[in-house]
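Here are the chains, one letter per residue:
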Amino acid sequence: MTECVSIGIDVGSTTWKAVAVDSKGNILASIVEEAEPLIDRQTERALAELKAQVKAGDGVRIGATGYGRKRVRADLVLTEITCHARGAFHLTGKGGVLIDIGGQDTKIIKIGNNGDVLDFSMNDKCAAGTGRFLEVILKRLRVPFDEVALRFNKAVNSIPVSNTCTVFAESEVVSLVAEGKEIDEIVKGLHQSLASRVASLAGDIPPDSEIFMSGGVALNESMVKSLVDRTGRRIRVLNSPQLIGALGAALAAR
Amino acid sequence: MRKEYIDRQKREFGRKVVISLPIHYPKEILTALDVLCVELWGPPGEISGNQAGRIQTYVCPVVRKALAFIAGGHASEADALLFPHTCDSIQGLASLLPDFGGWNGPVLRFIHPKGERRASSEVYLVREIEAFIAQVETLTGKKLEPARLSSAVKLHAEIDALKLRILKLRRNIDMRDSELYAILRRGEWLWPEDHMAELKELASKISDKPQKKGVALMLSGIVPEPMDIFDVLENAGAFIVADDYAAIGRRISSSSAELPDNPLQAVIERYFALPPCSTRSSDLAGRVEYLTGLYSQNGAAGLVLHNVKFCEPEMFDVAMIKKRFAAMNSPVLYVETELEKQLSGQLSTRLEAFVEMASKGGESE
């Protein structure tokens, strides 16, 4: 087996991710699991598992990112913004605009042709426009994740969810359900509303910039489709999108 | 501690106490008439009581929290309140306060001229300062003596010169930014001579060589609240090399070297020698020039525009400042806070990511 030189850990609000990489930045192994409240304990256990998988020695370097990054004993601690940019550039080898929709925040990162972060924007007020927003409303509608795409595609029309606040949006959805509106149409409208918010955060993306997507929400094809429709642009979802931050942390820690 | 200090000022020195809203007012007059000025920038933290709910939530938190504080009866130690003409919201608060209760004492006003220095604004300012003197004389029952005003002007000019030196040689002081700013901000409520003593002690710590390493940042905004913004930036590897906070740098008059003998004229000169400020409606092009100069002279590598949410005067200037710095390829981050007790996790991440970006994110691939 190729030698593991570093491990990146991304402690997100929804999921805990880690990747082990070799000296070329190839992913040797990874772990994705639901985030637990006791970050230290989860990190200790899951990190030991990953180290065992790749037979990593004590000298392996650790990079940490994500909202719980400061709770990790690491050689290097960087924000998700820098790490997602690092990870995306490593996979694509080019600059562009990266949309990362995570559990509690959404980031738009402009990456230069050498992989540097040139600029970024990020929601910092509440869960509006984030993965948590989708999660809360879909839970209220009792729509499991594996049914989302089916329902989205089945809906002929969409019912927009106008509230930006997650809590108010949940009340709005309850009212829509009480009025007898079609669940599928609400699901479609929900994704379109979120896409609209993300696109507004992204602002004007230059036509020559490629658009990439990372983060757990990139696994939701209805969300990707809504973003494509809203921006009128092609969006490339990166491989294993939820691992991009951890990959960036591992690469930075090498 | 602050309350004990204020009580002692009244008890031991017989001083009157004025609680002032931000930002610009002729403090020299208050000092000369033996009035301790305690500034009300919020206060930070949760709003207690329901008084703040009496004005719209889209009014700036400085005003909403000040209303909660005053109408909640917490200004009772003051002999008067002072409302400078900083913005419409503060003026509106002064007009509405009698309806909200919680304060029945005297209210002082200082309506400073807006815009650039002109012959008409000089004439206006003289009249306004004379009117302000009359208000404070009525409050204290004392007559303003020119000699005392001269001494007060000299004292405040010395304080400004010290602050200017401290900020200019910031790199050479081995002290965390949060500690340094805490000392600078104690001037918001200390008697000027006490503040001067603390500043002298701080200035004595200036060494010959730079003590700070990392990403040098310039901060511009209204007030550095929450104060943990400094710790977040410093822990991320940055330090403050230039200051344009309305509460700090924009109140340091650069006229300390040569002032006219006439103390009233000296107050006028000191006012017009203040750095550009959105709340004084300074010419925007001039303000942008001033900021780019401050930025480059101090070798800053990034600018953080730290605004108080809903501060309209400042918001009007932000777009042009961002545009100019973008044209210089200088990184700019715009953040808004609401006088919270501490920064949110997301806001901390934005600040840390900005430091990483300004330092090129460590090693690049």
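Residues numbered from 1 in each chain as written. Chains lettered and ligands numbered in written order. Predicted model: local features only at pLDDT ≥ 70, side-chain atom pairs only at ≥ 80, totals over all residues. Heavy atoms only, no water.

## Remarks on unusual backbone geometry
All names here are of chain B. Going from Pro-22 to Ile-23, the amide bond is cis rather than trans, its omega being 5 degrees. Unlike most non-glycine residues, Ser-281 shows phi in positive territory, near 55 degrees. With respect to the helices, strands and loops of the structure, Ser-281 is situated in the loop between helix 10 (263-272) and helix 11 (284-297). Phi is positive for Asn-329, which is not a glycine, with a value near 60 degrees. Look at Asn-329 and you get exposed, because its relative accessible area is 71%. (Helix = DSSP H or I, 4+ residues; strand = E, 2+ residues; numbered from the N terminus. Buried < 20%, exposed > 50% of the residue type's maximum accessible area, 1.4 Å probe, protein only.)

## Quick notes on the sheet that holds strand 1 (residues 16-20) of chain B
Residues and elements named next belong to chain B. Pairing in this open sheet of 4 strands is parallel, and the strands run 2-1-3-4 from one edge to the other. Lying at the two open borders of the sheet, with one neighbouring strand each, are strand 2 (35-39) and strand 4 (107-110). Each neighbouring strand pair of the sheet contributes to a mean axis angle of 30 degrees, computed without reference to strand direction. Direction of pairing for strand 1 relative to strand 3 (residues 80-84): parallel, over a ladder of 3 bridges. From the neighbouring strand, Ile-19 faces strand 3, where its bridge partner is Leu-81. Here helix 4 (residues 88-100) sits on the sheet in contact with strand 3 and strand 4, set at roughly 145 degrees to strand 3. (Pairing = 2+ DSSP bridges. Axes fitted to C-alpha atoms, helices over the stretch in contact; angles between N-to-C directions. Contact = heavy atoms within 4.5 Å.)

## Section: the nonpolar core
Formed by 85 residues in total, the largest nonpolar core has its most connected members in A:Phe120, B:Tyr181, B:Leu217, B:Leu233 and B:Leu351. Here the element with the most residues in this core is helix 13 (residues 345-358) of chain B; it accounts for 7 residues. Core analysis: the second largest hydrophobic core is formed by 32 residues, A:Leu134, A:Val148, A:Val217 and A:Met223 among them. (Core = buried A, V, L, I, M, F, W, Y, C linked by side-chain atoms within 4.5 Å.)

## A closer look at the side chain of B:Arg287
Residue and element names in this part refer to chain B. For Arg-287, the position within the fold is in helix 11. Residue Arg-287 is classed as buried on the basis of its relative accessible area, which comes to 0%. If near-sequence neighbours (up to four positions away) are discounted, Arg-287 is found in contact with Ser-220, Asp-244, Arg-250, Pro-276, Ser-278, Glu-314, Asp-317 and Ile-321.

## Structural notes on the layout of surface pockets
When its volume is computed, the largest pocket comes out at roughly 1200 Å³. Lining the largest pocket we find 40 residues, and of these A:Asp119, A:Phe120, A:Ser121, A:Met122 and B:Lys322 sit closest to its centre. Counting residues per element, the ones that place at least two in the lining of the largest pocket are strand 7 (106-111), strand 8 (117-122) and helix 6 (183-202) of chain A together with helix 12 (312-327), strand 8 (332-337) and helix 13 of chain B. When residues in the lining of the largest pocket are grouped by element, the largest group, 6 residues, is from strand 8 of chain A. Split into classes, the residues belonging to the lining of the largest pocket amount to 22 nonpolar, 9 polar and 9 charged. (1 Å grid on protein atoms, 1.4 Å probe; cavity = no way out; pocket = protein on both sides within 12 Å on 5 of 7 lines; lining within 4 Å. Points joined across faces, edges and corners; volume = space filled by probe spheres on them. Nonpolar A, V, L, I, M, F, W, Y, C, P; charged D, E, K, R; others polar.)

## Structural notes on the pairing of strand 4 (residues 61-65) of chain A
Looking down a regular strand, the side chains alternate between one sheet face and the other. Residue and element names in this part refer to chain A. Most of strand 4 is tucked away, with 4 of its 5 residues classed as buried. Examined bridge by bridge, strand 1 (residues 6-11) and strand 4 share 5 bridges and lie parallel to one another. Counted as the bridge partner of Gly-8 is Gly-63 from strand 4. Pairing of strand 4 with strand 5 (residues 76-77), which is carried by 2 bridges, proceeds in the parallel orientation. For Gly-63, the partnering residue across the bridge sits in strand 5 and is Leu-76.

## With respect to the packing of helix 4 (residues 145-154) of chain A against helix 7 (residues 221-231) of chain A
Residues and elements named next belong to chain A. Where helix 4 meets helix 7, the closest approach of the two axes is 8 Å, and the angle between their N-to-C directions is 40 degrees. The angle between the axes of helix 4 and helix 7 places the two elements in the oblique class. Residue-level contacts link Val-148, Ala-149, Phe-152 and Asn-153 of helix 4 to Glu-221, Ser-222, Lys-225 and Ser-226 of helix 7. Within the contact of helix 4 with helix 7, the residues separate by chemical class into 3 nonpolar, 3 polar and 2 charged. (Parallel < 35°, antiparallel > 145°, perpendicular 65-115°, else oblique.)

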